[in-house]
Amino acid sequence: MDVTGNTGARPLAPEVLAAFRAARGFMPEDEGLALHAAAVEVAVRLGLPLLEIGSYRGRSTLLLAEAARRAGTVVVTVDHHRGSEEQQYGWEWHDPELWDPADADLPPERRRTDTLPFLRRTLADRELGLEEHVVAVVGRSPVVARVLGPGPRFGLVFVDGGHTDEHARADWEGWVPQLAPGGLLVIHDVFPDPADGGQAPYRIWRRAVESGDFSPVSATGSLRVLRRHGPTDGPTDGAARQG
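Residues numbered from 1 in each chain as written. Predicted model: local features only at pLDDT ≥ 70, side-chain atom pairs only at ≥ 80, totals over all residues. Heavy atoms only, no water.

## Here we look at the overall build of the protein
Of regular secondary structure, the protein possesses 8 helices and 7 strands. Across the 243 residues in the protein, those meeting the buried criterion constitute 51%. Sequence-distant contacts, at least 24 apart, represent 73% of the contacts inside the protein between residues at least 6 apart. Accessible surface for the protein amounts to roughly 11500 Å². Of this, 52% is attributable to carbon and sulfur atoms. (Helix = DSSP H or I, 4+ residues; strand = E, 2+ residues; numbered from the N terminus. Buried < 20%, exposed > 50% of the residue type's maximum accessible area, 1.4 Å probe, protein only. Contact = heavy atoms within 4.5 Å. Areas by Shrake-Rupley, 256 points an atom, 1.4 Å probe, with all protein chains shown as cover.)

The following block contains the structure:
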(Lines give C-alpha, C1' and ligand atoms only; values in the text may rest on other atoms or scores of the structure.)
Protein backbone atom coordinates (compact mmCIF):
# COMPACT_ATOMS: atom_id res chain seq x y z
CA MET A 1 0.00 0.00 0.00
CA ASP A 2 1.37 3.41 -0.94
CA VAL A 3 0.91 6.65 1.00
CA THR A 4 -2.40 7.32 -0.76
CA GLY A 5 -3.91 4.08 0.53
CA ASN A 6 -3.89 2.43 -2.93
CA THR A 7 -3.35 -1.34 -2.63
CA GLY A 8 -3.88 -2.22 -6.25
CA ALA A 9 -6.63 -4.62 -5.10
CA ARG A 10 -10.11 -4.65 -6.60
CA PRO A 11 -12.34 -1.91 -5.19
CA LEU A 12 -14.97 -2.37 -2.53
CA ALA A 13 -17.93 -4.34 -3.82
CA PRO A 14 -20.83 -1.99 -4.76
CA GLU A 15 -23.30 -3.83 -2.53
CA VAL A 16 -21.00 -3.46 0.49
CA LEU A 17 -20.45 0.21 -0.27
CA ALA A 18 -24.23 0.66 -0.48
CA ALA A 19 -24.64 -1.06 2.90
CA PHE A 20 -21.93 1.17 4.39
CA ARG A 21 -23.70 4.26 3.09
CA ALA A 22 -27.03 3.06 4.51
CA ALA A 23 -25.62 2.23 7.95
CA ARG A 24 -25.68 4.98 10.56
CA GLY A 25 -22.36 5.96 12.09
CA PHE A 26 -19.69 8.61 12.29
CA MET A 27 -17.11 7.55 9.67
CA PRO A 28 -17.04 9.61 6.44
CA GLU A 29 -16.88 7.65 3.22
CA ASP A 30 -13.37 8.71 2.22
CA GLU A 31 -12.03 7.58 5.61
CA GLY A 32 -13.99 4.34 5.34
CA LEU A 33 -12.49 3.56 1.95
CA ALA A 34 -9.00 4.26 3.32
CA LEU A 35 -9.68 1.91 6.23
CA HIS A 36 -10.89 -0.78 3.84
CA ALA A 37 -7.83 -0.40 1.60
CA ALA A 38 -5.49 -0.74 4.59
CA ALA A 39 -7.41 -3.76 5.89
CA VAL A 40 -7.35 -5.54 2.53
CA GLU A 41 -3.63 -4.97 2.10
CA VAL A 42 -2.62 -6.28 5.50
CA ALA A 43 -5.16 -9.11 5.63
CA VAL A 44 -3.88 -10.54 2.36
CA ARG A 45 -0.23 -9.91 3.25
CA LEU A 46 -0.24 -11.35 6.78
CA GLY A 47 -3.29 -13.59 6.83
CA LEU A 48 -4.06 -12.66 10.44
CA PRO A 49 -7.38 -11.62 12.02
CA LEU A 50 -8.25 -7.94 12.18
CA LEU A 51 -9.33 -6.09 15.32
CA GLU A 52 -11.81 -3.25 15.70
CA ILE A 53 -12.15 -1.41 19.01
CA GLY A 54 -15.56 0.26 19.00
CA SER A 55 -18.27 -1.50 16.95
CA TYR A 56 -21.19 0.90 17.50
CA ARG A 57 -23.78 0.05 14.80
CA GLY A 58 -21.30 -1.73 12.53
CA ARG A 59 -20.74 0.86 9.80
CA SER A 60 -16.96 0.35 9.72
CA THR A 61 -17.32 -3.32 10.71
CA LEU A 62 -18.83 -3.97 7.28
CA LEU A 63 -15.65 -2.73 5.62
CA LEU A 64 -13.34 -4.76 7.83
CA ALA A 65 -15.45 -7.88 7.36
CA GLU A 66 -15.28 -7.53 3.59
CA ALA A 67 -11.49 -7.19 3.81
CA ALA A 68 -11.28 -10.21 6.13
CA ARG A 69 -13.36 -12.29 3.73
CA ARG A 70 -10.89 -11.67 0.93
CA ALA A 71 -8.11 -13.20 3.04
CA GLY A 72 -10.20 -16.01 4.54
CA THR A 73 -9.97 -14.57 8.05
CA VAL A 74 -12.21 -12.63 10.46
CA VAL A 75 -12.54 -9.27 12.15
CA VAL A 76 -12.89 -9.32 15.93
CA THR A 77 -14.93 -6.29 16.97
CA VAL A 78 -14.99 -5.28 20.64
CA ASP A 79 -17.56 -3.00 22.29
CA HIS A 80 -19.50 -2.90 25.56
CA HIS A 81 -22.42 -1.52 23.50
CA ARG A 82 -23.49 0.88 26.25
CA GLY A 83 -22.43 3.91 24.22
CA SER A 84 -19.53 6.29 24.58
CA GLU A 85 -19.54 9.32 26.85
CA GLU A 86 -21.03 11.72 24.31
CA GLN A 87 -23.90 9.31 23.53
CA GLN A 88 -25.34 9.30 27.05
CA TYR A 89 -28.53 11.10 28.03
CA GLY A 90 -28.12 14.88 28.00
CA TRP A 91 -24.99 14.80 25.77
CA GLU A 92 -24.56 15.99 22.19
CA TRP A 93 -24.80 12.63 20.40
CA HIS A 94 -27.49 11.01 22.53
CA ASP A 95 -30.00 9.03 20.42
CA PRO A 96 -33.18 7.78 22.16
CA GLU A 97 -33.50 5.08 19.49
CA LEU A 98 -30.56 3.32 21.15
CA TRP A 99 -32.13 3.06 24.60
CA ASP A 100 -32.19 -0.46 26.04
CA PRO A 101 -35.83 -1.69 26.07
CA ALA A 102 -35.11 -3.36 29.41
CA ASP A 103 -34.92 0.12 30.96
CA ALA A 104 -38.23 1.37 29.53
CA ASP A 105 -39.73 1.99 32.99
CA LEU A 106 -36.78 4.03 34.26
CA PRO A 107 -36.39 7.82 34.09
CA PRO A 108 -34.29 9.06 31.13
CA GLU A 109 -31.21 9.81 33.21
CA ARG A 110 -31.06 6.17 34.34
CA ARG A 111 -31.75 4.48 30.99
CA ARG A 112 -28.88 2.72 29.28
CA THR A 113 -27.86 2.56 25.64
CA ASP A 114 -27.72 -0.80 23.86
CA THR A 115 -26.20 -0.73 20.36
CA LEU A 116 -25.69 -4.50 20.02
CA PRO A 117 -29.03 -5.17 18.23
CA PHE A 118 -28.12 -2.48 15.68
CA LEU A 119 -24.74 -4.09 15.02
CA ARG A 120 -26.48 -7.43 14.46
CA ARG A 121 -28.96 -5.80 12.10
CA THR A 122 -26.21 -4.13 10.06
CA LEU A 123 -24.38 -7.43 9.57
CA ALA A 124 -27.47 -9.61 9.05
CA ASP A 125 -27.90 -9.15 5.28
CA ARG A 126 -27.56 -12.66 3.90
CA GLU A 127 -26.86 -11.37 0.41
CA LEU A 128 -23.70 -9.66 1.69
CA GLY A 129 -22.54 -12.82 3.48
CA LEU A 130 -20.31 -10.90 5.87
CA GLU A 131 -21.71 -11.99 9.24
CA GLU A 132 -19.65 -15.20 9.32
CA HIS A 133 -16.47 -13.13 9.04
CA VAL A 134 -17.24 -11.15 12.21
CA VAL A 135 -16.58 -12.20 15.80
CA ALA A 136 -18.45 -9.71 18.01
CA VAL A 137 -17.13 -9.54 21.56
CA VAL A 138 -19.32 -7.74 24.12
CA GLY A 139 -17.23 -6.30 26.93
CA ARG A 140 -15.08 -3.38 27.96
CA SER A 141 -11.96 -3.04 25.88
CA PRO A 142 -9.32 -3.34 28.64
CA VAL A 143 -11.06 -6.35 30.17
CA VAL A 144 -11.20 -8.20 26.84
CA ALA A 145 -7.58 -7.29 26.12
CA ARG A 146 -6.47 -8.75 29.45
CA VAL A 147 -8.39 -11.97 28.80
CA LEU A 148 -6.62 -12.50 25.49
CA GLY A 149 -3.25 -11.45 26.88
CA PRO A 150 -0.18 -10.18 25.02
CA GLY A 151 0.96 -11.78 21.81
CA PRO A 152 1.07 -10.80 18.12
CA ARG A 153 -2.28 -12.21 16.98
CA PHE A 154 -3.76 -9.37 14.87
CA GLY A 155 -2.67 -8.00 11.51
CA LEU A 156 -4.57 -4.75 12.05
CA VAL A 157 -5.67 -2.90 15.18
CA PHE A 158 -8.29 -0.21 14.52
CA VAL A 159 -8.68 2.14 17.49
CA ASP A 160 -12.08 3.84 17.44
CA GLY A 161 -13.39 3.39 20.97
CA GLY A 162 -13.71 5.82 23.88
CA HIS A 163 -12.20 9.23 23.21
CA THR A 164 -11.08 10.18 26.71
CA ASP A 165 -7.39 9.96 27.56
CA GLU A 166 -8.16 7.14 29.99
CA HIS A 167 -9.91 5.03 27.34
CA ALA A 168 -7.44 5.79 24.55
CA ARG A 169 -4.49 4.96 26.80
CA ALA A 170 -6.12 1.68 27.86
CA ASP A 171 -6.69 0.76 24.21
CA TRP A 172 -3.03 1.45 23.44
CA GLU A 173 -1.72 -0.51 26.41
CA GLY A 174 -4.11 -3.41 25.95
CA TRP A 175 -4.14 -3.91 22.21
CA VAL A 176 -0.95 -2.58 20.61
CA PRO A 177 1.08 -5.45 22.17
CA GLN A 178 -1.26 -7.78 20.25
CA LEU A 179 -0.39 -6.24 16.86
CA ALA A 180 1.95 -8.40 14.77
CA PRO A 181 5.21 -7.08 13.30
CA GLY A 182 4.43 -5.60 9.92
CA GLY A 183 0.83 -5.07 10.99
CA LEU A 184 -1.13 -1.84 10.71
CA LEU A 185 -2.26 0.42 13.53
CA VAL A 186 -5.22 2.54 12.41
CA ILE A 187 -6.48 5.39 14.60
CA HIS A 188 -9.68 7.32 13.96
CA ASP A 189 -10.56 10.89 14.96
CA VAL A 190 -6.99 12.19 15.00
CA PHE A 191 -7.24 15.99 15.18
CA PRO A 192 -3.96 17.91 15.54
CA ASP A 193 -5.95 21.11 16.10
CA PRO A 194 -7.99 21.01 19.35
CA ALA A 195 -10.59 23.21 17.68
CA ASP A 196 -11.48 20.30 15.37
CA GLY A 197 -12.02 17.61 18.01
CA GLY A 198 -10.80 15.82 21.11
CA GLN A 199 -7.10 15.23 21.57
CA ALA A 200 -6.93 11.70 23.04
CA PRO A 201 -6.67 9.87 19.66
CA TYR A 202 -4.12 12.45 18.49
CA ARG A 203 -1.99 11.80 21.57
CA ILE A 204 -2.11 8.05 20.87
CA TRP A 205 -1.00 8.73 17.29
CA ARG A 206 1.87 10.88 18.58
CA ARG A 207 2.83 8.14 21.02
CA ALA A 208 3.01 5.62 18.18
CA VAL A 209 5.12 7.88 15.96
CA GLU A 210 7.48 8.90 18.77
CA SER A 211 7.92 5.30 19.97
CA GLY A 212 10.09 4.52 16.95
CA ASP A 213 8.15 1.28 16.47
CA PHE A 214 5.85 2.61 13.75
CA SER A 215 6.13 4.36 10.40
CA PRO A 216 3.27 6.52 9.07
CA VAL A 217 1.61 5.06 5.98
CA SER A 218 -1.31 7.33 5.14
CA ALA A 219 -3.61 10.07 6.38
CA THR A 220 -7.19 10.52 5.15
CA GLY A 221 -9.27 13.10 6.97
CA SER A 222 -8.98 12.15 10.64
CA LEU A 223 -7.89 8.56 9.88
CA ARG A 224 -4.21 7.67 10.39
CA VAL A 225 -2.54 4.43 9.28
CA LEU A 226 0.84 3.35 10.67
CA ARG A 227 2.88 0.20 10.05
CA ARG A 228 4.62 -1.62 12.88
CA HIS A 229 8.25 -2.32 12.06
CA GLY A 230 9.17 -5.94 11.41
CA PRO A 231 9.02 -8.65 8.76
CA THR A 232 6.21 -8.15 6.27
CA ASP A 233 6.84 -10.73 3.57
CA GLY A 234 4.27 -13.48 3.89
CA PRO A 235 2.21 -14.95 6.74
CA THR A 236 3.64 -14.81 10.24
CA ASP A 237 4.12 -17.80 12.52
CA GLY A 238 0.89 -16.73 14.24
CA ALA A 239 -0.97 -17.07 10.96
CA ALA A 240 0.44 -20.56 10.46
CA ARG A 241 -0.62 -21.59 13.98
CA GLN A 242 -4.13 -20.24 13.52
CA GLY A 243 -4.52 -22.02 10.19
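Here the narrative resumes.
## Overview of the packing of helix H2 (residues 29–46) against helix H3 (residues 59–71)
Relative to each other, H2 and H3 sit at 25 degrees, their axes nearing to 8 Å. Comparing the axis directions of H2 and H3 gives the class roughly parallel. Of the two possible hands of crossing, H2 and H3 adopt the one that is right-handed. On the side of H2, the interface is formed by Gly32, Leu35, His36, Ala39, Val40, Ala43 and Val44, while H3 contributes Ser60, Leu63, Leu64, Glu66, Ala67, Arg70 and Ala71. Of the residues that constitute the contact of H2 with H3, the class distribution is 9 nonpolar, 3 polar and 2 charged. (Axes fitted to C-alpha atoms, helices over the stretch in contact; angles between N-to-C directions. Parallel < 35°, antiparallel > 145°, perpendicular 65-115°, else oblique. Left-handed = near helix turned anticlockwise from the far one by under 90°. Nonpolar A, V, L, I, M, F, W, Y, C, P; charged D, E, K, R; others polar.)

## Some thoughts on the pattern of salt bridges
Across all of its chains, the model carries 7 salt bridges by this definition. A salt bridge links Arg45 to Glu41, with the nearest nitrogen and oxygen atoms 2.5 Å apart. Note that Arg45 and Glu41 are positioned in helix H2 at a spacing of 4 residues, about one turn of the helix. As far as burial versus exposure is concerned, Arg45 and Glu41 are alike and both buried. Among the ionic pairs, Arg227 bridges to Glu41, the shortest N-O distance being 3.7 Å. With Arg227 in strand E7 (residues 223–228) and Glu41 in helix H2, this pair connects stretches of sequence that are 186 residues apart. The structure contains a network of salt bridges with shared partners spanning Glu41, Arg45 and Arg227. (Salt bridge = Lys/Arg side-chain N within 4 Å of Asp/Glu carboxyl O.)

## Re the packing of aromatic side chains
All chains considered together, the criterion is met by 4 aromatic pairs. On the numbers, 5.8 Å between centres and 25 degrees between planes, the contact of Tyr202 with Trp205 is stacked. You can see Tyr202 and its partner Trp205 sitting in helix H7 (residues 200–211), 3 residues apart, about one turn around the helix. Of the two residues examined, Tyr202 and Trp205, each falls in the buried class. When the ring centre of Phe118 is taken as reference, the NZ or CZ atom of Arg57 above it lies at 4.6 Å. Over the face of the ring belonging to Phe20 we find Arg59, whose NZ or CZ atom lies 3.9 Å from the ring centre. (Phe/Tyr/Trp six-rings, centres within 6.5 Å; stacked < 30°, edge-to-face > 60°. Lys NZ or Arg CZ within 6 Å of the ring centre and 35° of its normal.)

## What about the packing of helix H1 (residues 14–22) against H3?
Axis separation between H1 and H3 bottoms out at 8 Å; the angle between their running directions is 160 degrees. The angle between H1 and H3 falls in the class roughly antiparallel. With respect to the hand of their crossing, H1 and H3 are arranged in right-handed fashion. Touching Val16, Ala19, Phe20 and Arg21 of H1 are Arg59, Leu62, Leu63, Glu66 and Arg69, all from H3.

## A look at the side chain of Thr77
Within the secondary structure, Thr77 sits in strand E2 (residues 75–79). Using a relative accessible area of 0% as the deciding quantity, one classes Thr77 as buried. Setting aside residues no more than four positions away along its own chain, Thr77 makes contact with Glu52, Ser55, Thr61, Val134, Val135, Ala136 and Val137.

## As for the nonpolar core
Of all hydrophobic cores here, the largest spans 38 residues; its most connected members are Leu50, Leu64, Leu156 and Phe158. For this core, the secondary structure elements donating two or more residues are H1, H2, H3, helix H4 (116–123), strand E4 (154–159), strand E5 (179–187) and E7. Considering each element in turn, this core owes the most residues, 8 residues, to H2. The residues contacting Phe158, other than those within four sequence positions of it, are Met27, Leu35, Leu51, Glu52, Ile53, Ser60, Leu64, Val186, His188 and Leu223. Trp175, Leu179, Leu185 and Tyr202 belong to the second largest nonpolar core, which has 24 residues in total. (Core = buried A, V, L, I, M, F, W, Y, C linked by side-chain atoms within 4.5 Å.)

## Points about the sheet that holds strand E1 (residues 50–53)
The strand order E3-E2-E1-E4-E5-E7-E6 describes an open sheet built from 7 strands, whose pairing is mixed. The open sheet is flanked by strand E3 (134–138) and strand E6 (214–220), the only strands paired with a single partner. Across the sheet, the axes of successive neighbouring strands diverge by a mean angle of 20 degrees, strand direction being ignored. Both E5 and E7 contribute to a ladder of 4 bridges, which runs antiparallel. Paired with Val186 across the strands is Val225, a residue of E7. With respect to the sheet, H3 is in contact with E1, E2, E3 and E4, its orientation differing from that of E1 by roughly 175 degrees. (Pairing = 2+ DSSP bridges.)

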